[in-house]
Amino acid sequence: MSTGLPVIVLVGRPNVGKSTLFNRLTGTRDALVADFAGLTRDRQYGYGSFENRRFVVVDTGGLMPESADPLAGLAQDQARLALEEASHILFLTDLQSGRHASDAEIARLLRRTGKPLTLLVNKAEGHNKPGAASEFYELGLGEPLPVSAQHGDGIAALLRGLLADVAPEEDLPLSDDEVRVAIVGRPNVGKSTLVNRLIGEERVLAADLPGTTRDAIRVPFEYEGKPFVLIDTAGVRRRSRIEEVIEKFSVIKTLQAVEQAHVVIVVVDAQHDVGEQDARLMGLVAERGRAMVLAVNKWDHLKYDERDQVRYQVGLKMPYLDYVPVHYISARHGSGLGELMIDVQQAFKGATVEMPTPELTRILERSVEAHNPPAVLGRRIKLRYAHQSGSNPPKVLIHGNQTEKLPVAYRRYLVNEFRAAFKLKGVPLQVEFKTGDNPFKDKKNKLTPRQIKSRKRMIDRWH
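Quick caveat: nothing in here was measured; it's all calculated off a predicted structure.

How each quantity is defined
- Residues numbered from 1 in each chain as written.
- Predicted model: local features only at pLDDT ≥ 70, side-chain atom pairs only at ≥ 80, totals over all residues.
- Heavy atoms only, no water.
- Helix = DSSP H or I, 4+ residues; strand = E, 2+ residues; numbered from the N terminus.
- Buried < 20%, exposed > 50% of the residue type's maximum accessible area, 1.4 Å probe, protein only.
- Contact = heavy atoms within 4.5 Å.
- Pairing = 2+ DSSP bridges.
- Salt bridge = Lys/Arg side-chain N within 4 Å of Asp/Glu carboxyl O.
- Axes fitted to C-alpha atoms, helices over the stretch in contact; angles between N-to-C directions.
- Core = buried A, V, L, I, M, F, W, Y, C linked by side-chain atoms within 4.5 Å.
- Phe/Tyr/Trp six-rings, centres within 6.5 Å; stacked < 30°, edge-to-face > 60°.
- Lys NZ or Arg CZ within 6 Å of the ring centre and 35° of its normal.
- Expected span 1.5 Å × (residues − 1).
- Patch = residues over 30% accessible without salt bridge, like charges linked within 9 Å, V, L, I, M, F, W, Y side chains within 5 Å.
- Areas by Shrake-Rupley, 256 points an atom, 1.4 Å probe, with all protein chains shown as cover.
- Lys, Arg positive; Asp, Glu negative; His and termini not counted.
- Charge placed at Lys NZ, Arg CZ, Asp CG, Glu CD.
- pLDDT = per-residue confidence, 0-100.
- Polar contact = N/O pair within 3.5 Å; in protein donor to acceptor, adjacent residues only side chain to side chain.

Looking only at helices and strands, the protein has 12 helices and 17 strands in total. Counting across all 463 residues of the protein, residues that qualify as buried make up 49%. Across the protein, the fraction of contacts at a sequence separation of at least 24, relative to all contacts at a separation of at least 6, is 73%.

Below, the structure is given as structure tokens:
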């Protein structure tokens, strides 16, 4: 079984259905991550899952082999990294438009990568006859596989084959013996400086630590006598080379690091506006259910009025992540790191919190008494009891009637009540609702003979 999170890269000329396949594989309507620095707007990254096996999906955008260097069509660093780090390449062609001249050129380029590759002939719905895709044999990539990204034809069999050697997903072991902390963020925000400050200034680490190119680097370290494992997306380098090497940002490595971590420290640069790229990265971490702490670095470089502006930007860009503790730090000088690591440990504990059913139900009852749910068509929504349904992240399931009609604002209110009661910091608490089945639903009362006669007299009277 492979240990790294597999990376499936989608390539092909424009309009062959890559975005449709991306959405099908990730179960979304659009990318979870996009518009990072160095990415074109059609570059998409996301998580996929099939039969309890997880993977990363990358849509590299449309290849344009008409250019002098066909790889220059995708040629941003991120596209090159995607191909270099791919576990498997899916080359999409279009059955409806037939084999295109550019398909042959793309095939030639992909053969150079030496990566495992599958040739997909998309938009093949309704074309089940043998030989329907025979013209694509001329690309020299083996047997073409007819699929329909839009309707899902052939996708399950494809994934079953690609993920045969991938271990089924298991919950990360939560133990004080190993708290995995990932440090992620855009280039040049100070991740490497923070890494070196946490592991100790005098410690020298080689860049070629064990692990494949698809794996983030894992570094055991202690902080105030407590054991941690650092998952470094920047690449831990010799201290003397930190200043010399331009840090490359790999979204793929970030996705893999988030997958492996218990707690994620998202680092942003106080000297630059906290923008949509940072907010989307944090949204991805929350989507994956990981505990999170935000570190606003290079704080010591700002004047007092500039600091107020940064605080305003953080609150403005990330209102839906108000549960994430924010720390204003200087990784270079070490200021604020003590409080940061306290919240890292607190976030880890929150991910493993145990919530007894009686206590959850008492909190629910108290919350409803203080603020009743709104009535729907004259009927009051009733919330009966709550229990814990999962951990890392913690999940609460509330039972009641008409729960599907609860407004979003009231759902958020309950989340905040549970979060405050259990003092959860940095943890994306998930509250779900279940409406109890009505045992009399769709059942008709059987009338007695006397009721039948009474009903008949009533009908006769009105006629």
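Now that the structure has been shown, the text picks up again.
Counted residue by residue, strand β9 (residues 226-232) has five buried out of seven residues, so it is predominantly covered. Bridge count between strand β7 (residues 179-185) and β9: five bridges; the pairing is parallel. Bridge pairing links Val181 to Leu230 in β9.

To continue, consider the pattern of salt bridges. Scanning the model with the defined rule gives 11 salt bridges in all. In this structure, Asp94 and Lys123 form a salt bridge, with 3.0 Å as the shortest nitrogen-oxygen distance. Placement of Asp94 in strand β4 (residues 88-94) and of Lys123 in the loop between β5 (117-122) and β6 (145-146) is noted, with a sequence separation of 29 residues between them. According to the relative accessible area criterion, Asp94 is buried, its value standing at 5%. For the salt bridge of Arg311 with Asp308, the shortest nitrogen-to-oxygen distance reads 3.5 Å. Of this pair, Arg311 and Asp308 are both found in helix α8 (residues 304-317), three residues apart, which corresponds to roughly one turn of the helix. One continuous salt-bridge network, built from bridges that share partners, spans Arg54, Glu259 and Arg288.

Spatial strand order, β2-β3-β1-β4-β5-β6: six strands in an open sheet with mixed pairing. The sheet is open, and its two edges are formed by β2 (44-50) and β6, each paired on a single side. Here six bridges tie β4 to β5, and the two strands are oriented parallel to one another. Directly across from Phe91, in β5, lies its bridge partner Leu119. Against the sheet, helix α1 (residues 18-26) touches β1 (7-11), β2, β3 (53-59), β4 and β5, its axis set at about 45 degrees to β2. Contacting β1, β4 and β5, helix α3 (residues 101-113) crosses the sheet at an angle of about 175 degrees to β4.

Before going further, it helps to examine the nonpolar core. By size, the foremost hydrophobic cluster in this structure holds 55 residues, and its most contacted members are Phe91, Val266, Met292 and Leu294. When residues in this core are grouped by element, the largest group, six residues, is from helix α7 (residues 276-287). Discounting chain neighbours no more than four positions away, the residues touching Phe91 are Val11, Gly12, Asp103, Ile106, Ala107, Leu110, Leu117, Thr118, Leu119, Leu120, Leu139 and Leu141. Listed in part, the 28 residues of the second largest apolar core include Val267, Ala291, Val293 and Met341.

Following the criterion strictly, the structure yields three aromatic pairs and no others. When the centroid spacing of 5.5 Å and the interplanar angle of 25 degrees are considered together, the rings of Phe221 and Phe228 count as stacked. In this structure, Phe221 and Phe228 share a single accessibility class: buried. Look at Tyr410 and Tyr413: their rings are 5.3 Å apart centre to centre, the planes differ by 55 degrees, and that puts the pair in the tilted class. With a gap of three residues between them, Tyr410 and Tyr413 both fall in helix α11 (residues 408-421), about one helical turn apart. Considered together, Tyr410 and Tyr413 belong to a single accessibility category, that of buried residues. Above the ring of Tyr304, the side-chain terminus of Arg307 is found at 5.4 Å from the ring centroid.

Turning our attention to helix α10 (residues 357-370). A rise of 1.5 Å per residue sets the reference length of α10, with its 14 residues, at 20 Å; its end C-alpha atoms lie 20 Å apart and thus fit the reference within 8%. Each element contacted by the buried residues of α10 is listed here: β15 (382-390), β16 (395-401) and α11.

Next up on the list: a positive patch on the surface. A cluster of basic side chains, namely Arg379, Lys382, Arg384 and Lys405, defines a positive patch on the protein surface. By the element assignment, Lys382 lies in strand β15.

A separate point is the confidence of the model for the protein. Looking at the protein, the pLDDT average stands at 78 and 78% of residues meet or exceed 70. Within the protein, the lowest mean pLDDT, 67, falls on helix α2 (residues 77-84), and the highest, 95, falls on α10. Here residues 202-215 scores under 50 on pLDDT; set against residues more than four positions off or in separate chains, the count is 28 contacts. Considering only residues more than four positions removed or in separate chains, one finds that residues 235-249, a stretch of pLDDT under 50, has 32 contacts.

Sheet strands pair via backbone hydrogen bonds, and the direction of the pair is either parallel or antiparallel. The mixed open sheet is built from three strands, whose spatial order is β15-β16-β17. Looking along the sheet, the strands with just one partner apiece sit at the ends: β15 and β17 (430-435). Neighbour to neighbour, the strand axes of the sheet diverge by 25 degrees on average, direction disregarded. The pairing of β16 with β17 spans six bridges and is classified as parallel. The partner of Ile398 across the bridge, within β17, is Phe433. Each of β15 and β16 is contacted by α10, which is oriented at about 140 degrees to β15, the strand it contacts most. Here α11 sits on the sheet in contact with β15, β16 and β17, set at roughly 125 degrees to β17.

Further remarks concern the side chain of Gln345. Position of Gln345 relative to the elements: it lies in helix α9 (residues 337-351). On the accessibility criterion, Gln345 (17% relative accessible area) is buried. For Gln345, the side chain forms a polar contact with the side chain of Lys226, separated by 2.8 Å. The contacts of Gln345, once residues within four sequence positions are left out, are Lys226 and Phe228.

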